[in-house]
Amino acid sequence: MRLVVLSGAGISAESGIPTFRDALTGLWACFDAERLATEDAFRADPALVWGWYRWRAAMVAAAVPNAAHMDVAALADDGHALTVVTQNVDDLHERGGAREVLHLHGRLLASRCIGCGARVMPDPILAAPAPPEGGAREMPPTCVQCGQAFRPDVVWFGESLPSDAWDAAEAAVDACELLIVVGTSSLVWPAAGLPDRALRAGTPVLEINPHATPLTPRATAHWSLAATAGMARLRARLQTTDASHTAFFD
Ligand code: NAD
Ligand code: ZN
């Protein structure tokens, strides 16, 4: 079967990586994601924003993929044509074995100069010393070519998505026979529009999330499960039941 998995921060929650709401603890508790994950926020207070990303990057580097990442990747081993479209900036799908992963929102484990785009190795986002427990403010390094600051290689609110990844995601959604939406709040656009694109084309959309989201009322089915339990159930279903049968989604 042609499958697309659209994932969000919730699929990595069971690897100990906080979702956006949960990442705003301690030092970062009085901010909201929209105030930290923007170019304006970075320019206004680069140490605050760079420190937040350095802390999150260290957390990702120390984490390991969970059973949900592995089960997503295993769908390809089961013989399905699989495309993973992720809003996540971690690399746990890749480390879980997925081969085709489209990153709509960039990567946390990389950085670049905000002025000229230069990169340096080893990447300063992970450079020693590691941030302290809970994170700390930290000034970003400056670029030797142009003197501007290094920024994380992610897509901030207000920035456009990488067009190659977005175009490939739309094409994969258009071609798929089942879209699985796992661990996303379905609040961040334009990614949140991909399930509606599938539904308009008559393609079933299965949502796996312990909580209801704006997508829930429109989804073909909502499994109120954590990502690990939901992906295990999905793999088992695909092995035994025809997805064109309504019992598939029960
Ligand atoms: P979000 O933080 O807005 O929502 C997370 C969703 O996951 C919620 O709907 C929640 O109910 C669900 N969830 C929590 N625990 C779960 C579990 N165990 N299994 C399944 N679902 C679970 O995240 P989002 O929708 O991905 O969008 C916000 C932005 O957050 C994205 O742009 C993304 O780049 C960024 N982000 C990424 C990471 C990461 O890469 N791991 C972490 C935090 C935020
Ligand atoms: Zn530069």
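Everything that follows concerns the structure shown earlier in this document.
Residues numbered from 1 in each chain as written. Chains lettered and ligands numbered in written order. Predicted model: local features only at pLDDT ≥ 70, side-chain atom pairs only at ≥ 80, totals over all residues. Heavy atoms only, no water.

Draft legend 1. Region of interest: the coordination of the zinc ion (ligand 2). Around the zinc ion (ligand 2), the protein contributes the donor atoms Cys113 (SG), Cys116 (SG), Cys143 (SG) and Cys146 (SG), at 2.3 to 2.4 Å from the metal centre. Between the four donor atoms coordinating the zinc ion (ligand 2), the angles at the centre fall across 96 to 120 degrees, so the site counts as tetrahedral. Site description for the zinc ion (ligand 2): donor spacing in sequence, C-x2-C-x26-C-x2-C. With cysteine 113 in strand E4 (residues 106-113) and cysteine 146 in the loop between E4 and strand E5 (150-154), this pair connects stretches of sequence that are 33 residues apart. The buried category is assigned to cysteine 113, whose relative accessible area is 2%. Given the relative accessible area of 35%, cysteine 146 is considered partly exposed. (Donors = N, O, S within 2.8 Å, 3.2 Å for Na, K, Ca; no water. Tetrahedral: all angles 85-135°; square planar, octahedral: opposite > 155°, others 65-115°. Helix = DSSP H or I, 4+ residues; strand = E, 2+ residues; numbered from the N terminus. Buried < 20%, exposed > 50% of the residue type's maximum accessible area, 1.4 Å probe, protein only.)

Draft legend 2. View of the environment of proline 214. Tracing the backbone shows proline 214 in the loop between strand E7 (205-208) and strand E8 (221-223). For proline 214, a relative accessible area of 39% corresponds to the partly exposed category. Between the alpha carbons of proline 214 and arginine 112 there is a distance of 34 Å; along the sequence they are 102 residues apart. When near neighbours in sequence (up to four residues on either side) are disregarded, proline 214 contacts Ser185, Ser186 and Leu187. (Contact = heavy atoms within 4.5 Å.)

Draft legend 3. Spatial organisation of the side chain of histidine 80. Tracing the backbone shows histidine 80 in the loop between helix H4 (67-77) and strand E2 (81-86). Only 3.2 Å separates the side chain of histidine 80 from the backbone nitrogen of methionine 1, close enough to count as a polar contact. Beyond its immediate stretch of four places on either side in the chain, histidine 80 contacts Met1, Leu3, Leu75 and Leu238. (Polar contact = N/O pair within 3.5 Å; in protein donor to acceptor, adjacent residues only side chain to side chain.)

Draft legend 4. A look at the pattern of salt bridges. Under the criterion given, the structure shown has 14 salt bridges. Among the ionic pairs, aspartate 77 bridges to arginine 99, the shortest N-O distance being 3.7 Å. With aspartate 77 in helix H4 and arginine 99 in the loop between helix H5 (92-95) and strand E3 (101-103), this pair connects stretches of sequence that are 22 residues apart. The two residues aspartate 77 and arginine 99 agree in class, both being exposed. Here aspartate 153 ties to arginine 119 by a salt bridge, and the two come within 2.8 Å at their closest N and O atoms. Within this pair, whereas aspartate 153 is found in strand E5, its partner arginine 119 is found in the loop between E4 and E5, the two being separated by 34 residues in sequence. Look at aspartate 153 and you get buried, because its relative accessible area is 14%. Salt bridges here are not isolated pairs; linked through shared partners, they connect Asp71, Asp78 and Arg235. (Salt bridge = Lys/Arg side-chain N within 4 Å of Asp/Glu carboxyl O.)

Draft legend 5. A look at the site of ligand 1. Surrounding ligand 1, one finds 25 residues, the nearest of these being Gln87, Val89, Asp90, His105 and Thr184. At 2.5 Å from an oxygen atom of ligand 1 is found a main-chain nitrogen or oxygen belonging to glutamine 87. At 2.7 Å, a backbone N or O of valine 89 approaches an oxygen atom of ligand 1. Protein chains shield 88% of the accessible area of ligand 1, which is 850 Å² for the free molecule. Partitioned by chemical class, the residues of the shell around ligand 1 number 10 nonpolar, 12 polar and three charged. (Near = heavy atom within 4 Å. Areas by Shrake-Rupley, 256 points an atom, 1.4 Å probe, with all protein chains shown as cover. Nonpolar A, V, L, I, M, F, W, Y, C, P; charged D, E, K, R; others polar.)

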